[in-house]
Amino acid sequence: MLRRTLTTILLRTPETSSSSISSSSSSSIAETTKRIIKKSFTTFATNSACNNHANNNKIFKLRQQFMNKHDARREFWTSSSSGYLWNRIIKHNNKKRITAPPLPTRSRTFSSTTIRRTANSPVSTSARALMSTRNSIRRNYSSSITGTSLANPLVVGNQRAVKQVTYWLVGGCAWVFSMVVIGGMTRLTRSGLSMTDWKFEYEHPPLTLKDWEREFAKYKQSPEYKKTNIGMTLEEYKFIYWMEYGHRMWGRVLGIYFAVPLAYFSYKGYITNKLMGRLGIFFFLGAAQGMIGWWMVKSGLKQSENEKFDVPRVSPYRLAAHLTGAFTIYTGMFWTTLSVMNPVADAQLPKATEALIGATKRLHKVVHPLAGLIGLTAISGAYVAGMDAGRAYNTFPLMDGKIVPDEYFAQWEEKGWRNFFENTAAVQFDHRVLALTTLTSVSAIYAMFRGNYALSSKSKTYLHLLMGTTVAQVTLGISALLYHVPVELGSAHQAGALTLFSVVLALMHSLRGPKRKPALKFEKDLWAHKPAALAR
């Protein structure tokens, strides 16, 4: 630029140049040189100012085009849990941009040739530093969109970290599922009252004959032995003891399985604060679940005058509380596992169409109450188990030859509202009504939405599974009733209830819609003011 300016000046002042050269005077040459240099620098400064003004406008337009191009990504990140981190990166970069010296237009591009063009420039080092910062932010932004650590709001790390945490959570869900099934088997084999004491820490099993005789002597003092198991041998007692002991120890080992990997993942930095809060709640509920279980068992070891039964059993209210706690823990863990595996639903993606979002919202509105109905039906089954009502009225669809049995209000005058929870006929009839209502509701929803092609493939798959699982569960329940609830069918029916609830949870998780956009604030959301920030 300077050489071109000097040439222009020399061509415009030929007389001055020739006279200066022909005079051969040192003073004349010095004055001419000073005048040429002064004029060249004045021209260079004027052109630079004009170029800087034009360059600033060009830079703003380029950045505005970049914003428009990534508008969908910008909306996603400002509405996600990682948006704050991205805004902090932009804020940090803006500070660097303010302190950086003004650069020529060529130095403000991202091509590799600009570094060579500005290699001889006095600001080339600052240009490289600024471009390196911008390129690193671009790489982080692109990697966050394509599914690395910033894309998952619950796990920090690469895909390997996400997979490790996912496998661990899936194993925990399967463990809790098996706990529910083993608990049902323990109840159906009448083993829950075999252990007459409980310790929070490890319980050492009886190994010697003397230890077994001591435990058996304690059991002989219980109402269950005196009324139903009198004459039981020691070998028969060992079977029910090991069933209850295995159920208790399986829950304690679950605590170890939960705590040890959690400590490792926390040490590696994989667990976010949000996920840690959830896992802490699950751990607390698991410890409380053991105490609720003993509270339930204790109700069957000592019976009051109002709770005397021909066959000693635990309180149906405490049994329902114990089953509700298990369902609560499983629901939270299962939902968290799905969130780690699929942090963004199909309707939340930037490419989601209006048809997909609309169909998802319509199905979402009816699936939520359906999930509540399925959960209520499962909890009513706890009262059926607590009252041992499955071994009465073993006909279907009628109960004692009638749709509504005569004994439905038999204890209303004596117990009032408790009649619906402590009356065998009322408990079984209510469970039947809820089960058939669930089957009807699922069938209606399936008929309405199975031909909706706007739904995602994942939602349609879960909808088909929901229909099939509901039919299988109702079939298992009727079969268990007709065969007087054998252990195999009763355990399968309880596992089917949790399976059905898992399917409806997975369907709900796939139907998450776009989140509401948060209010834009200058301190938290720099995207809202990015044009002004970029103009600086």
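Residues numbered from 1 in each chain as written. Predicted model: local features only at pLDDT ≥ 70, side-chain atom pairs only at ≥ 80, totals over all residues. Heavy atoms only, no water.

### Topic: the overall build of the chain
Check the secondary structure of the chain and you find 20 helices and 0 strands. Here the chain, with 536 residues, has 41% of them falling under the buried criterion. Long-range contacts, defined here as pairs at least 24 residues apart, represent 77% of the contacts in the chain between residues at least 6 apart. Surface accessibility of the chain: about 29,700 Å² in total, with carbon and sulfur atoms responsible for 62%. (Helix = DSSP H or I, 4+ residues; strand = E, 2+ residues; numbered from the N terminus. Buried < 20%, exposed > 50% of the residue type's maximum accessible area, 1.4 Å probe, protein only. Contact = heavy atoms within 4.5 Å. Areas by Shrake-Rupley, 256 points an atom, 1.4 Å probe, with all protein chains shown as cover.)

### What to know about a nonpolar patch on the surface
There is a patch of nonpolar side chains on the surface, built from F396, L436, L482 and Y483 and spanning about 400 Å² of accessible area. Summarising the element assignment, L482 is placed in helix α18 (residues 457-482). On the accessibility criterion, L482 (41% relative accessible area) is partly exposed. (Patch = residues over 30% accessible without salt bridge, like charges linked within 9 Å, V, L, I, M, F, W, Y side chains within 5 Å. Salt bridge = Lys/Arg side-chain N within 4 Å of Asp/Glu carboxyl O.)

### So, helix α8 (residues 159-188)
Taking 1.5 Å of rise per residue, the 30 residues of α8 would be expected to cover 44 Å, and the 43 Å separating its terminal C-alpha atoms lies within 8% of that figure. One side-chain oxygen of the residue at the start of α8 lies 3.2 Å from the amide nitrogen of R160, identifying that residue as N158. R190 sits one or two positions beyond α8 and adopts a positive phi of about 55 degrees. (Expected span 1.5 Å × (residues − 1). Polar contact = N/O pair within 3.5 Å; in protein donor to acceptor, adjacent residues only side chain to side chain.)

### Some thoughts on the packing of aromatic side chains
Inspection of the entire model under this criterion finds 31 aromatic pairs. One aromatic cluster in this structure is built from W212, F216, Y219, Y225, Y237, Y241, W242 and Y245. (Phe/Tyr/Trp six-rings, centres within 6.5 Å; stacked < 30°, edge-to-face > 60°.)

### Quick notes on the nonpolar core
In this structure, V155, V165, W168, L279, L363 and L466 are the most contacted members of the largest nonpolar core, which totals 62 residues. Looking at this core element by element, the count peaks at 11 residues for helix α14 (residues 354-386). Once you skip the residues sitting within four places of it in the chain, V165 turns out to touch V155, F265, Y270, I271 and L275. Residues M195, Y225, Y245 and M249 belong to the second largest nonpolar core, which totals 11 residues. (Core = buried A, V, L, I, M, F, W, Y, C linked by side-chain atoms within 4.5 Å.)

### Observations regarding unusual backbone geometry
The residue after F396, namely P397, is reached through a cis peptide bond having omega 10 degrees. Turning to its location among the elements, P397 is positioned in the loop between α14 and α15 (412-415). With a phi angle near 55 degrees, V485 is a residue other than glycine that sits in the positive phi range. One can find V485 in the loop between α18 and α19 (487-510). We classify V485 as buried; its relative accessible area is 16%.

### What about the pattern of salt bridges?
This structure, assessed with the given rule, holds 10 salt bridges. A salt bridge links E215 to K218; the nearest nitrogen and oxygen atoms lie 3.9 Å apart. Residue E215 and its partner K218 are located together in helix α9 (residues 209-219), separated by 3 residues, close to a single helical turn. The class of E215 is buried, set by a relative accessible area of 11%. Assessed through its relative accessible area of 33%, K218 is described here as partly exposed. Among the salt bridges present, the one from E235 reaches K238, with a minimum N-O distance of 3.5 Å. Residue E235 and its partner K238 are located together in helix α11 (residues 234-268), separated by 3 residues, close to a single helical turn. The class for E235 is exposed, based on a relative accessible area of 55%. What you see here is one network of salt bridges that share partners, running through R190, D388 and R391.

### Focus on the side chain of T336
Within the secondary structure, T336 sits in helix α13 (residues 316-341). The buried category is assigned to T336, whose relative accessible area is 2%. Discounting residues that sit within four places of it in the chain, T336 has contacts with L154, L169, L275, R278 and F282.

### A look at α14
For α14, spanning 33 residues, the distance from its first C-alpha to its last is 49 Å, which sits close to the expected 48 Å at 1.5 Å a residue. Phi for D388, located one or two positions after α14, is positive at around 55 degrees.

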